[in-house]
Amino acid sequence: MTLESQLPKTFNPNDVEEKWYKAWDEGKYFKPVQRNKNKKPYSLLMPPPNVTGRLHMGHALNHTILDILTRFKRMQGHETLWIPGQDHAGIATQAKVEQKIFQEQGKTKHDLGREKFVAEIWKWKEEYGNHIMEQFHKLGDSCDWDYFTFTMDEGPNLAVKKFFVDMYNEGLIYQSDYIINWDTTLQSAISDAEVEHKEVNGNFYHLHYQVKDSNQVLEIATTRPETLFGDTAVAVNPNDDRFEHLIGKKAIVPICNREVPIIADKHVDMEVGTGCLKVTPGHDFNDYEIGKRNELEIINILNKDGSLNENAKAVEGLNIKEARKKTVELLKETQQLISTKPHTHQVGHSQRSGSVVEPIVSKQWFLNTEKMAEISVQAVENEDMKFFPKGWENTYFSYQKNPRPWCISRQLWWGHQIPVFYCSEDSCLHTWASEEAETQCPKCHSKNIQQDPDVLDTWFSSGLFPLSTLGWPNKEKMQESGFDKFYPSAVLVTGFDIIFFWVARMMMMSNKITNQSPFQDTYIHAIVRDKDGVKMSKSLGNVLDPLEIIKENGCDAMRFTLAVSSGYNRNINLDPAKIEGYRNFINKVWNAFRFIHPYLENANDKGFEISELHHHEKWILNELNLVIKDVTESIEIYRFDDACNSIYQFVYEKFCSWFIELSKGILNSENEHLKIQRANVLKYCFKQIVKLLHPITPFVTEEIWGFLKSEDEELLIIQEYPVFDETLQFKEDSDYMDKFIEVVTSIRNLRNTVMIKPKDEIEVRLFTDNESLAKYFYKSRGFFKELAKVKAGKIKDKSIERPQKSIMRATGHTEIFIPLEGIIDLKLFVKKLENDKSKAQKEFDKVDKKLKNPKFIENAPIDVVEKVKEEAKEFQEKLDSITNSLNNFQ
RNA sequence: GCGACCAUAGCUCAGGUGGGAGAGCGCUACCUUGACAUGGUAGAGGUCAGAGGUUCGAUCCCUCUUGGUCGCACCA
């Protein structure tokens, strides 16, 4: 078989991705297996995507990171479990199905009734809900699909009920009339966290309120004149001289002509507006508090859909916008509108529906999070749970240090129904919470009972996910799923936007239940934006589709790009050109293997004898060792950028550009012993390389592994991750090699500056006073020939006179001369040499200045002084070399 | 308004505890080199936003200024 047919010239990722995913999945390689008793189990949770979700770059990034960690730990021998899941996403899903039914059947959810409607959602979920999960296979996710958990499954439902009932019985969950955020589109309460403030252009309206039994009028500024129908007071600051005499009197609300008290309240700021405030406790958070302090009446002027109700007779039935317009007109008619000035201000919008949030007073269920938040703050302060990068603590604390009651009830049909029951018997009216599906009142045994119709906030069940995915609270299921092994999990990987919604809630709820944080670390990754840093959105048309990228460049290229872009940064500006670049890298790896593959036939799988290693082999093994250390350490602290760059640099520069090039001569020689030895080392290195790369680029590495592995070896996915090897440290060979590389590069540089053709062989003279280095160079003469096209060379010490009519370059240790047979533009070269000189001079001056400063010698640590002295010596030598050479040209 | 974060090469970014400025992409010159043109070789390019301070020494620590991002609060 030819090389070409077995290993194509260009790696084609799409040919192998499906094959290997299937092999891993069907071979049960994603299941947790204890391979090394000394390693702790390692578990991770997939942030459950919405049932309605579509795969986007955010998922691709999140899953790339999760999968890197999973594969890395699995290869290290930890019993590794990545748990996948999915969120029922109450509001989003209900809205989607509602829309679908309306389009297809022209019916509303009320036409169907609750039971039928919920059944429709389940039907929809079964049909479309798995779509995104199938897409995750394309990303290479190595999660254990047997653990897949949907937040509405029986298990999570049990967890939700158990937690609710416990908190209810503890008094932490309670029902209360309170001012809450009302979404008029969804017709449901939403939590504070779900409100986004957006800047809106509105007006400042100045109104007149008549003081009763007086000629005096009060000027009041407002942005919402329509709420005057709900006014139950006018407030001034208690210390405001201007209005002191009016406190206790009555004001008359325009249009509805209701008398309301003029009260004093410290909330009113004398400096702001007119110093007078209309108080609408039913529709403003601050006014609600004022109302409570002053025992004011609450008037609700809104219907559930946001239209005005009978309490605002003059504008009844209108929506808020219309009502505002009409109110202003009426005020004009009665000449109580003084002025209208444009004003921009922040208005709360529902994150879910986008509509303006209306504060209304309503009976809702709340969870008192005060104590739980305090504990979850402590957990982070004690480093029981650590944020990476650490800065995100601030965001977490800013929420958790000001806990407010969490409004957990939603007036929806899709979700976990609140497990509270009411007895309808007038003589009983018992209310209780229960995990069971109750059929009769435990007190009066009446069957006339009802369950609370509301459902719970989606985040209530997501918050319990770390526990419910492992079977909590069902003892048998917990045993079965290995709760004790896998809880708490190792790390949570997610975006900053849900630090409060999800991270904080999991922390609170899990700490409450288990007295432990649900994960040890939280890694907050970046947000993927387009190449100009603009958020991807359908309307802007700048969305990159992961599946498209995979099709064009392969999954490995996408994963590597995302990983190398992912450190402690906030944004990833994803440029398709970058993905292409790393696709090229994948291809480079492929071709490097393609080159060495034919030579590996007789390679001894047991490797090599350390005593017989060639100095180049020692060098590459030393470098490989350093990379292994660096990559491992970087992944442990979630610096995927460092890990990727480290491997990239090693594979591309060290391995391909130098080691393979240096190996060509040996591989094509007749020396069978050296050839075998080199093949052994190449094979060893490449095995290590694909192992190092596998967590990041699983497909291409598994494919290559298929050609590399011995018959008794398993798939790459469960091979042991490389570890730093004490016996493979060769510092000296590494130092020599660095100098060799420096000299070869200098020769190439010289050739380039005077346009010597790549094929032309040249003569080179090296001058160095370092004897052992001279010996090393002598030993390497064949390699100079191959890599720098040197046909003949001499190595002398610096006491020997330098050749005339030559071009030269100097390093700190070696002078490189190339004699020339005329025809060269010397002026050009002299200019370059002068440039070299000025650079060398600058280098020298910098360190020389330090050494001439007695305070530096006095104060700086000895090792620093020594280092600078050595540098000075090298720079001096280099400078002298260039200066002497220049003199020869003058 | 309160708070946090950021400013390093043309672009995107990396630079634990102060001690000779880095990467990828892009750019320039040359090269049909038997692994790879998705390639090779060699380069150019930076007052580390500005001003002050601490220090023998500051991209790094402190203060201020300017410019930017984000979070929270604010519907008088």
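Residues numbered from 1 in each chain as written. Chains lettered and ligands numbered in written order. Predicted model: local features only at pLDDT ≥ 70, side-chain atom pairs only at ≥ 80, totals over all residues. Heavy atoms only, no water.

Caption draft 1: Fine view of the pattern of salt bridges. Scanning the model with the defined rule gives 39 salt bridges in all. Two residues, glutamate 194 and arginine 410, come together in a salt bridge whose shortest N-O distance is 2.8 Å. Residue glutamate 194 is located in the loop between strand E6 (188–190) and strand E7 (195–211), and its partner arginine 410 is located in strand E17 (residues 409–410); the two are separated by 216 residues in the primary sequence. The class for arginine 410 is buried, based on a relative accessible area of 2%. (Salt bridge = Lys/Arg side-chain N within 4 Å of Asp/Glu carboxyl O. Helix = DSSP H or I, 4+ residues; strand = E, 2+ residues; numbered from the N terminus. Buried < 20%, exposed > 50% of the residue type's maximum accessible area, 1.4 Å probe, protein only.)

Caption draft 2: Here's a closer look at the packing of helix H19 (residues 555–564) against helix H20 (residues 576–596). At a closest axis distance of 8 Å, the pairing of H19 and H20 adopts a crossing angle of 115°. Of the two elements, H19 crosses H20, and the hand of that crossing is right-handed. Residue-level inspection shows Asp556, Ala557, Met558, Phe560, Thr561 and Val564 of H19 in contact with H20, the latter providing Lys578, Ile579, Tyr582, Arg583, Phe585 and Ile586. Counted by class, the contact of H19 with H20 contains eight nonpolar, one polar and three charged residues. (Axes fitted to C-alpha atoms, helices over the stretch in contact; angles between N-to-C directions. Left-handed = near helix turned anticlockwise from the far one by under 90°. Contact = heavy atoms within 4.5 Å. Nonpolar A, V, L, I, M, F, W, Y, C, P; charged D, E, K, R; others polar.)

Caption draft 3: Representation of helix H3 (residues 57–75). An ideal rise of 1.5 Å per residue puts 27 Å on 19 residues; H3 measures up with 26 Å between its terminal C-alpha atoms. Of all 19 residues in H3, 18 are buried, a share of seventy percent or more. Positive backbone phi, approximately 100°, marks glycine 77, located one or two places after H3. (Expected span 1.5 Å × (residues − 1).)

Caption draft 4: Representation of a negative patch on the surface. A contiguous patch of negative charge on the surface is contributed by Asp738, Glu742, Asp863, Glu866, Glu870 and Glu874. For the negative patch, the leading source of residues is helix H30 (residues 862–889), giving four residues. Tracing the sequence through the fold places glutamate 874 in helix H30. (Patch = residues over 30% accessible without salt bridge, like charges linked within 9 Å, V, L, I, M, F, W, Y side chains within 5 Å. Areas by Shrake-Rupley, 256 points an atom, 1.4 Å probe, with all protein chains shown as cover. Lys, Arg positive; Asp, Glu negative; His and termini not counted. Charge placed at Lys NZ, Arg CZ, Asp CG, Glu CD.)

Caption draft 5: Geometry of the protein's contact with RNA strand B. Contacts to RNA strand B come from 61 residues, most closely from Phe204, Thr223, Asn286, Arg594 and Phe875. Looking at RNA strand B alone, sugar and phosphate atoms form 61% of those within 4 Å of the protein. At 2.4 Å, a side-chain N or O of asparagine 286 approaches a phosphate oxygen of RNA strand B. Separating a phosphate oxygen of RNA strand B from a side-chain N or O atom of asparagine 749 is a distance of 2.6 Å. Element by element, the count of residues in the surface near RNA strand B is highest for H20, at nine residues. Its residues placed into classes, the surface near RNA strand B shows 22 nonpolar, 21 polar and 18 charged. (Near = heavy atom within 4 Å. Polar contact = N/O pair within 3.5 Å; in protein donor to acceptor, adjacent residues only side chain to side chain.)

Caption draft 6: Seen up close, the packing of aromatic side chains. A full pass over the atoms with the stated rule returns 49 aromatic pairs. Ring centres 5.4 Å apart and planes at 55° place the aromatic pair tyrosine 21 and phenylalanine 30 in the tilted group. In terms of burial, tyrosine 21 and phenylalanine 30 fall into one category: buried. On the numbers, 5.2 Å between centres and 55° between planes, the contact of phenylalanine 387 with tyrosine 396 is tilted. The class of phenylalanine 387 is buried, set by a relative accessible area of 4%. Clustering of aromatic rings is evident, with ring pairs tying together Phe163, Phe164, Tyr168, Trp365, Trp406 and Phe460. The side chain of lysine 401 reaches across the aromatic face of phenylalanine 397, ending 4.4 Å from its centre. Just above the ring of phenylalanine 595 sits the side chain of lysine 664; from NZ or CZ to the centre is 5.4 Å. (Phe/Tyr/Trp six-rings, centres within 6.5 Å; stacked < 30°, edge-to-face > 60°. Lys NZ or Arg CZ within 6 Å of the ring centre and 35° of its normal.)

Caption draft 7: Structural view of the sheet that holds E6. Taken together, the four strands give an open sheet; going across it, the order is E6-E5-E14-E16, and neighbouring strands pair in antiparallel fashion. If you trace the sheet from one side to the other, it starts and ends with E6 and strand E16 (406–407), each paired once. In terms of strand pairing, strand E5 (residues 173–183) meets strand E14 (residues 357–367) through 11 bridges, oriented antiparallel. Of the residues in E14, the one forming a bridge with asparagine 181 is proline 359. (Pairing = 2+ DSSP bridges.)

Caption draft 8: A look at the side chain of serine 885. Relative to the helices and strands, serine 885 is located in helix H30. If we ignore the near neighbours within four places in the chain, the residues touching serine 885 are Met808, Phe817 and Leu833.

Caption draft 9: Local environment of the nonpolar core. In terms of nonpolar packing, the biggest core is built from 148 residues, with Leu69, Phe655, Phe686, Phe740 and Ile747 touching the most fellow members. Here this core gets 13 residues from one element, more than from any other, and that element is helix H22 (residues 640–667). Once you skip the residues sitting within four places of it in the chain, leucine 69 turns out to touch Tyr42, Leu44, Val491, Val493, Ile635, Tyr638 and Phe640. Of all hydrophobic cores here, the second largest spans 56 residues; its members include Met167, Leu172, Phe460 and Ile499. (Core = buried A, V, L, I, M, F, W, Y, C linked by side-chain atoms within 4.5 Å.)

Caption draft 10: Highlighting the environment of isoleucine 800. Mapped onto the secondary structure, isoleucine 800 falls in the loop between strand E27 (790–796) and strand E28 (806–810). The partly exposed category is assigned to isoleucine 800, whose relative accessible area is 37%. A C-alpha to C-alpha distance of 8.2 Å links isoleucine 800 and phenylalanine 767, two positions 33 residues apart in sequence.

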